[in-house]
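Chain by chain, the residues:
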Amino acid sequence: MQKKGLKVVFIFIGAYLIFLILWINVKDYYGYAITYPVSNMVVLIKDVMLESITEKGDKIEVAFCKHIYRGEITAHIAINTSFYAFNVPLTCAILAAFYLFIKRKKRAYLEAVLILLFVHALYVFSLEAKGLTETFMGRGIEPMNKVKLAFYQFLWSFTDNMVIRFEPFLIGIYVFLRFRK
């Protein structure tokens, strides 16, 4: 039992270092890959046009445009990839450490990746929808609807403060409980 525990610790530490090095090199591409499709979904829900998506280092700035009777209004939403994806190496290391304890590994890791992608997409969606709602209601373009505003603010706050912070452990617990040997 001690050897297995030691093996798990070494797997975790080794995997963390490997995934951290890999993540530093791909996180900006990942941020764009998440932002682009999510922004296109926000276009449909908020009745806006996607004007541009610009990468500025770790930040991605998304510009939305809405046509109104007086012309058009542009809203810019800045998304910092590190704010929602900082824990990907930790999540991957936890999943690697569980390798010895789970069955149906391909299915387990596929589900873990899908959950991770969903959570990150939810973060970007809720941030953009909240930002657009606040901007449009603040400028009188959308009628003030406190329930709608509170919903988007809550969705983003909950995703940012709860789900993102506990994501590695939630995914790890899910995979371990669902696929343990």
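No experiment lies behind these values; they were computed from the predicted model shown. (Residues numbered from 1 in each chain as written. Predicted model: local features only at pLDDT ≥ 70, side-chain atom pairs only at ≥ 80, totals over all residues. Heavy atoms only, no water.)

**Let's talk about unusual backbone geometry**
Line of reasoning, step 1. The phi angle at Asp-47 is positive, at roughly 55°, despite the residue not being glycine.
Line of reasoning, step 2. The phi torsion at Arg-104 lies on the positive side, around 50°, for a residue other than glycine.
Line of reasoning, step 3. Position of Arg-104 among the secondary structure elements: in the loop between α3 (88–97) and α4 (105–138).
Line of reasoning, step 4. Judged by its relative accessible area of 47%, Arg-104 falls in the partly exposed class. (Helix = DSSP H or I, 4+ residues; strand = E, 2+ residues; numbered from the N terminus. Buried < 20%, exposed > 50% of the residue type's maximum accessible area, 1.4 Å probe, protein only.)

**Things to note about the packing of α4 against helix α5 (residues 146–179)**
Any two packed helices are characterised by the angle at which their axes cross and by the distance between the axes.
Line of reasoning, step 1. Closest axis-to-axis distance for the α4/α5 pair is 8 Å, and the angle between their directions is 170°. When the axes of α4 and α5 are compared, the pair comes out roughly antiparallel.
Line of reasoning, step 2. When grouped by side-chain class, the residues that make up the contact of α4 with α5 number 21 nonpolar, five polar and eight charged. (Axes fitted to C-alpha atoms, helices over the stretch in contact; angles between N-to-C directions. Parallel < 35°, antiparallel > 145°, perpendicular 65-115°, else oblique. Nonpolar A, V, L, I, M, F, W, Y, C, P; charged D, E, K, R; others polar.)

**Observations regarding the pattern of salt bridges**
Line of reasoning, step 1. Under the definition given, this model contains ten salt bridges.
Line of reasoning, step 2. A salt bridge links Glu-61 to Lys-56; the nearest nitrogen and oxygen atoms lie 3.7 Å apart.
Line of reasoning, step 3. For Glu-142, the salt bridge identified is with Lys-148, shortest N-O distance 3.5 Å.
Line of reasoning, step 4. Several salt bridges share partner residues, and in doing so they unite Lys-27, Asp-28 and Asp-58 into one network. (Salt bridge = Lys/Arg side-chain N within 4 Å of Asp/Glu carboxyl O.)

**Section: the packing of aromatic side chains**
Line of reasoning, step 1. Across all of its chains, the model carries eight aromatic pairs by this definition.
Line of reasoning, step 2. Ring plane angle 35° and centroid distance 5.2 Å describe the contact between Phe-98 and Phe-176, whose orientation is recorded as tilted. Placement of Phe-98 in the loop between α3 and α4 and of Phe-176 in helix α5 is noted, with a sequence separation of 78 residues between them.
Line of reasoning, step 3. Accessibility expressed as a relative area gives 21% for Phe-98, which makes it partly exposed. (Phe/Tyr/Trp six-rings, centres within 6.5 Å; stacked < 30°, edge-to-face > 60°.)

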